[in-house]
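Inside the fold
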Amino acid sequence: MMRKKVTIVGSGNVGATAAHWIAAKELADVVLLDVVEGVPQGKALDLLQAMPIEKRDCSIIGTNDYADTANSDVVVITAGIARKPGMSRDDLLTTNHGIMSKVVGEVVKASPNTIIIVVSNPLDAMAQTAFKQAGFPRERVIGMAGVLDSARFRTFIAEELKVSVENVTAFVLGGHGDTMVPLSRYSTMAGIPITELIAPDRLKELETRTANGGAEIVKHLKTGSAYYAPSAAAVEMVEAILKDKKKILPCAAYLQGEYGITGLYVGVPCKLGAKGLEQIIEIKLTPEEQAALQKSADSVKELCTVIGVA
Ligand SMILES: NC(=O)C1=CN([C@@H]2O[C@H](COP(=O)(O)OP(=O)(O)OC[C@H]3O[C@@H](n4cnc5c(N)ncnc54)[C@H](O)[C@@H]3O)[C@@H](O)[C@H]2O)C=CC1
Ligand SMILES: O=C([O-])CC(=O)C(=O)O
């Protein structure tokens, strides 16, 4: 059987670490691409030389040439600038919009049948940019944010309840920004709703920490933003697609009336399989939850309007 091929555009912190997770899981051959000469080549060669130690067989190449990315099964786009302390993700909008538009044009020429996973920020507006630029059906352009935000929420819940992270499920919906919507009502410990286990005030604190999860790490790092959990989250999506797992994950998807939202990328529960986005799961929301989701969608729309992709 031919191995699958995954291209990662942007070989910085998130991109290179995503390559690391893919290789460690032996999921696919990896092509790391960047505009900077030498960096993708050096990181790819270094990672490749870890394979005998890790007992994994993957080809890993670094390049500046999209010809090497031809016919990728999945392309993960992490190209762009990351924020520093004092910045919001929205401050990256114009620069990353320019980068995303260029990158997607090249990706699509080299791999017209690929599935694109967008990671660059501000996430939902960048997914919308990629979707419009690619001209692909919505099934093949998906944004990564909800898996990360939910993983943060799960981490905090597991710490609070002193249980294994494996026992905790959680959903965070909405745009990947301050207005994201951690859905405590649909989050569980061993199947028990956490709303029955954690007092409302404390739960609110965990939700707020989740919504500020990215900024908390930026404040520590000072030179950039999170990358271990973000890259692991993107790779969970890659794995669900390559293995046709039909896995339900919160992802940014182009809504066409679901949740009362049309023509916009927003984080919702999605089924991922070999075709990419295979289904959007509509869960019943309370009026407060629906209003919070709508508010989040409104802030995504504002950004999309600024860059002309609304
Ligand atoms: N969706 C999410 O949940 C998350 C999104 N991010 C975003 O992901 C992006 C990448 O973050 P990091 O890897 O930490 O940044 P980084 O600065 O370490 O890496 C970005 C890389 O993109 C490359 N690049 C810039 N323009 C390019 C182009 N035209 N073509 C190819 N490569 C290009 C740069 O040379 C650099 O190597 C940022 O926008 C960040 O905000 C980061 C974490 C989570
Ligand atoms: O905070 C950032 O800028 C990077 C990101 O999206 C996250 O870690 O959630």
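Per chain, the residues get numbers from 1 upward, laid out in the order the sequence is written. Throughout, the order in which chains and ligands are written sets their labels, letters from A for the former and numbers from 1 for the latter. Predicted model: local features are reported for residues with pLDDT of at least 70 only, side-chain atom pairs are reported and counted for 80 or more only, and whole-chain, interface and lining totals are derived from all residues. Just so you know, side-chain values use all the structure's heavy atoms and leave hydrogens and water out.

1. Concerning the site of ligand 2
Here a residue is considered near a molecule or strand provided that any single heavy atom belonging to it is located within 4 Å of it. Surveying the vicinity of ligand 2 reveals the residues Arg83, Arg89, Asn121, Leu148, Arg152, His176, Gly214, Ser225 and Ala226. In this structure, Arg89 approaches ligand 2 through a side-chain N or O atom, which is 2.8 Å from an oxygen atom. Against a free-state accessible area of 260 Å², the protein chains account for coverage of 95% of ligand 2. Here a cavity denotes grid points, spaced 1 Å and computed from the protein atoms alone, that fit a 1.4 Å probe unable to get out, and a pocket denotes an open set having protein on both sides within 12 Å along at least 5 of 7 lines; residues with an atom within 4 Å of a point are the lining. Throughout, a molecule is located in a cavity or pocket provided that more than half of its atoms lie within 2 Å of its grid points. Judged by its atoms lying within 2 Å of the grid points, ligand 2 is housed in the largest pocket. Its residues assigned to classes, the shell around ligand 2 comprises 2 nonpolar, 4 polar and 3 charged. Three or more residues apiece are contributed to the shell around ligand 2 by two domains, here domain 1 (5-143) and domain 2 (146-307). Think of a polar contact as two N or O atoms within 3.5 Å of one another; within protein, one of them needs to be a possible hydrogen donor and the other a possible acceptor, and neighboring residues in sequence only count if both atoms come from side chains. Surface accessibility follows the Shrake-Rupley procedure with a 1.4 Å probe radius. Residue values consider only the protein chains on display as shielding. For this scheme, ten residues count as nonpolar: Ala, Val, Leu, Ile, Met, Phe, Trp, Tyr, Cys and Pro. Four count as charged, namely Asp, Glu, Lys and Arg, and the remainder, Gly too, count as polar. For every domain, the bounds stem from an assignment made automatically or drawn from a database.

2. A few points about the UniProt feature "domain: Lactate/malate dehydrogenase N-terminal" (unreviewed entry) in the protein chain
Following the UniProt record, the feature "domain: Lactate/malate dehydrogenase N-terminal" (unreviewed entry) maps to residues 5-143 here. By the criteria applied, helices consist of DSSP H or I runs no shorter than four residues and strands consist of E runs no shorter than two, each listed in order from the N terminus. End-to-end, the C-alpha atoms of residues 5-143 are 19 Å apart, and along that stretch the chain is 40% helix and 18% strand. UniProt positions are given in the numbering used here, feature names are shortened, and annotations may be inferred rather than shown by experiment.

3. A look at the packing of aromatic side chains
Pairing of aromatic side chains requires ring centres within 6.5 Å, counting the rings of Phe and Tyr and the six-membered ring of Trp. Pairs whose planes differ by under 30 degrees are stacked, by over 60 edge-to-face, and all others tilted. Evaluation of the coordinates by the stated rule reveals 4 aromatic pairs. Geometrically, the ring pair formed by Phe131 and Tyr265 is edge-to-face, given 5.7 Å between the ring centres and 65° between the ring planes. Of this pair, Phe131 sits in helix 5 (residues 123-134) while Tyr265 sits in strand 13 (residues 262-273), and the two are 134 residues apart along the sequence. Here Phe131 and Tyr265 have matching classes, each one buried. One aromatic cluster is present, formed by Phe131, Tyr254 and Tyr265 through successive ring pairs. For a Lys NZ or an Arg CZ to count as sitting over a ring, it must be within 6 Å of the ring centre and within 35 degrees of the ring normal. Stacked on the ring of Phe136, the Lys or Arg Arg140 has its end atom at 4.0 Å from the ring centre. Classification of residues uses two cut-offs on accessible area relative to the type maximum, computed with a 1.4 Å probe and protein chains only: under 20% is buried, over 50% is exposed, and between them is partly exposed.

4. Some thoughts on the pattern of salt bridges
A pair is scored as a salt bridge if a Lys or Arg side-chain nitrogen falls within 4 Å of a carboxyl oxygen belonging to Asp or Glu. Taken as a whole, this structure holds 14 salt bridges when the rule is applied. The salt bridge partner of Glu289 is Arg185, with a shortest N-O separation of 2.7 Å. Of the two residues, Glu289 sits in helix 10 (residues 287-306) while Arg185 sits in the loop between strand 9 (181-182) and strand 10 (188-189), which places them 104 residues apart along the sequence. Take Arg185: its relative accessible area is 38%, and that puts it in the partly exposed class.

5. Some points on the site of ligand 1
Lining the immediate surroundings of ligand 1 are 27 residues, of which Asn13, Val14, Asp34, Ile81 and Met144 lie closest. Within the contact set of ligand 1, an oxygen atom lies 2.8 Å away from a backbone nitrogen or oxygen of Val14. Backbone polar atom of Met144 to a nitrogen atom of ligand 1: 2.8 Å apart, as the coordinates give it. The protein chains hide 86% of the 860 Å² of surface that ligand 1 would expose on its own. Judged by the proximity of its atoms to the pocket grid, ligand 1 belongs to the largest pocket.

6. Overview of empty space enclosed by the protein
Grid points are joined across faces, edges and corners, and a volume is the space filled by probe spheres set on the points. Taken as a whole and judged by the stated rule, the model has 1 cavity of 30 Å³ or more. Volume-wise, the largest cavity comes out at about 40 Å³. Of the residues assigned to the lining of the largest cavity, the class counts are 4 nonpolar, 4 polar and 1 charged.

7. Quick look at the UniProt feature "binding site: substrate" (unreviewed entry) in the protein chain
Mapped onto this numbering, the UniProt entry gives "binding site: substrate" (unreviewed entry) at Arg83, Arg89, Asn121 and Arg152. Set against the largest pocket, the annotated residues that line it come down to Arg83, Arg89, Asn121 and Arg152. Here Arg83 lies in the loop between strand 4 (74-77) and helix 4 (93-110). Looking at Arg83, the relative accessible area reads 9%, which means it is buried. Setting aside chain neighbours within four positions, we find Arg83 in contact with Ser88, Arg89, Leu92, Gly214, Ala215, Val218, Gly224 and Ser225. Here Met87 takes part through its backbone oxygen, which lies 3.2 Å from a polar atom of the side chain of Arg83. Tracing the chain through its elements places Arg152 in helix 6 (residues 146-161). Of the residues examined, Arg152 reaches a relative accessible area of 9% and is grouped as buried. Contacts are residue-level and defined by heavy atoms, with any inter-residue pair within 4.5 Å sufficient.

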